[in-house]
Amino acid sequence: MCLAVPGKIIGFEDKIESVFRIGKVSFDGIVKKINLGLVPEAVEGDYVLVHVGVAMSVVDEAEAKRTMDFLLGTDELDDIRPDDQ
C-alpha cells in the first residue's frame, strides 16, 4: 500500500537548495532526512505529509496528529521504525 505519513519539521540541513532542500522530520520521535523541495513554504515546526522520502504538502497540526494516531494503531509504520524497536 502507498502511504503518506505526517511528520514535524524539526530542523534543516546546513546546505539549503530549492530543489534538494533537506529537512529533519520527526515521525513520532523517529527522525528522518526528508526532501522538502516540493514545499518551499514549509518552516521549522510545520507538519508535512511525506511519501517515499519527499514531503508532498504542509498539513495542520490537528490533522497530522489524527492521522498519526490512526497509523500508530495499525502496523503501517513498521517500515520507518528502527530494527531495535
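Everything that follows concerns the structure shown earlier in this document.
Residues numbered from 1 in each chain as written. Predicted model: local features only at pLDDT ≥ 70, side-chain atom pairs only at ≥ 80, totals over all residues. Heavy atoms only, no water.

Engineer: Would you explain the pairing of strand 5 (residues 54-59) in this entry?
Structural biologist: Here 5 bridges tie strand 4 (residues 47-51) to strand 5, and the two strands are oriented antiparallel to one another. Note on strand 5: the bridge partner recorded for L49 is S57. The loop that links strand 4 with its antiparallel partner strand 5 comprises 2 residues; one of these, V52, has a positive phi angle of about 45°. (Pairing = 2+ DSSP bridges. Helix = DSSP H or I, 4+ residues; strand = E, 2+ residues; numbered from the N terminus.)

Engineer: Looking at this structure, how should I read the pairing of strand 1 (residues 5-12)?
Structural biologist: Side chains on a regular strand alternate between the two faces of the sheet. Taken together, the 4 bridges between strand 1 and strand 4 define a ladder with antiparallel strand orientation. Residue pairing for strand 4: P6 is matched across the bridge by L49. Note: strand 1 against strand 2 (residues 22-27), 4 bridges, orientation antiparallel. Bridge pairing links G11 to K24 in strand 2.

Engineer: Explanation requested: the nonpolar core in the structure shown.
Structural biologist: With 13 residues, the main nonpolar core has F27, I34, V48 and A55 as its most contacted residues. When contributions to this core are tallied by element, the ones reaching two or more residues are strand 1, strand 2, strand 4 and helix 1 (61-72). (Core = buried A, V, L, I, M, F, W, Y, C linked by side-chain atoms within 4.5 Å. Buried < 20%, exposed > 50% of the residue type's maximum accessible area, 1.4 Å probe, protein only.)

Engineer: What am I meant to see in the environment of K65 here?
Structural biologist: By secondary structure assignment, the location of K65 is in helix 1. The sequence separation of K65 and P6 amounts to 59 residues, and the corresponding C-alpha distance is 7.8 Å.

Engineer: I'm lost on the pattern of salt bridges in this one. Help?
Structural biologist: Within this structure, the stated rule accounts for 3 salt bridges. One salt bridge in this structure joins K33 and E13, with 3.8 Å as the shortest N-O distance. In this pair, K33 sits in strand 3 (residues 30-35) while E13 sits in the loop between strand 1 and strand 2, placing the two residues 20 residues apart along the sequence. Among the ionic pairs, E61 bridges to K65, the shortest N-O distance being 2.9 Å. Of the two residues, E61 and K65 are both situated in helix 1; the distance of 4 residues between them amounts to about one turn of the helix. E61 gets classed as partly exposed once you look at its relative accessible area, which sits at 42%. For K65, a relative accessible area of 42% translates into the label partly exposed. (Salt bridge = Lys/Arg side-chain N within 4 Å of Asp/Glu carboxyl O.)

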